Amino acid sequence: MNKVVVKNARIGNLFLVRPGRTADVHESAKRLMEVGSVREVLITEGSCGFIVKAVPGAEAGPLGKEISRIVGGRSEVAVCHYQYRK
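Now for a look at the structure at hand. (Residues numbered from 1 in each chain as written. Predicted model: local features only at pLDDT ≥ 70, side-chain atom pairs only at ≥ 80, totals over all residues. Heavy atoms only, no water.)

## A few points about helix α1 (residues 25-33)
Within α1, burial applies to Ser28, Ala29 and Leu32. The arc that holds the buried residues of α1, viewed along the axis, is 100°, so those residues lie on one side. The exposed residues of α1 that point more than 90 degrees off its buried face are His26 and Lys30. Packed against the buried residues of α1 are β3 (38-43), β4 (50-54) and α2 (60-71). (Buried < 20%, exposed > 50% of the residue type's maximum accessible area, 1.4 Å probe, protein only. Helix = DSSP H or I, 4+ residues; strand = E, 2+ residues; numbered from the N terminus. Arc of directions from axis to C-beta. Contact = heavy atoms within 4.5 Å.)

What follows is the structure, encoded as structure tokens:
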């Protein structure tokens, strides 16, 4: 099987979110999606509860504060410029 690998540039920042005590993760994800510069929210298990994908060019500092305000806890940003996918 030949798979074509595609490279996309500037997909946006990824925030790894460790939420505080959240009553409803699905409600928190919906609230995160309402933020204008958020493109996608993944609910995860393990060391982080959410991965939030922002639009390219979104400022990491203010968006990180907004994410923390919504879900509590804290977030770390992974500045992402390229994405490879099959």
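## Section: the environment of isoleucine 67
Position of isoleucine 67 relative to the elements: it lies in helix α2. Distance from isoleucine 67 to arginine 31, taken between C-alpha atoms, is 9.4 Å for residues 36 residues apart in sequence. Leave out the neighbours within four places in its chain, and isoleucine 67 touches Phe15, Val17, Leu32, Val52, Gly72 and Ser75.

## Digging into the sheet that holds strand β2 (residues 14-18)
With respect to topology, four strands assemble into an open sheet ordered β3-β4-β2-β5, the strand pairing being antiparallel. Edge positions in the open sheet fall to β3 and β5 (74-78), since each of these has one partner strand only. Between one strand axis and the next, the sheet turns through 20° on average, direction left out of account. Direction of pairing for β2 relative to β4: antiparallel, over a ladder of four bridges. Across the sheet, residue phenylalanine 15 finds its bridge partner in β4, namely valine 52. Lying over the sheet, α1 contacts β3 and β4, oriented at roughly 165° with respect to β3. (Pairing = 2+ DSSP bridges. Axes fitted to C-alpha atoms, helices over the stretch in contact; angles between N-to-C directions.)

## Considering the pattern of salt bridges
When their charged atoms lie close together, side chains carrying opposite charge are able to pair. Taken as a whole, this structure holds four salt bridges when the rule is applied. Salt-bridge contacts for glutamate 76 lead to arginine 74; the nearest nitrogen and oxygen are separated by 3.3 Å. Among the residues examined, glutamate 76 registers a relative accessible area of 38% and is labelled partly exposed. Residue class for arginine 74 comes out partly exposed when judged on its relative accessible area of 48%. (Salt bridge = Lys/Arg side-chain N within 4 Å of Asp/Glu carboxyl O.)

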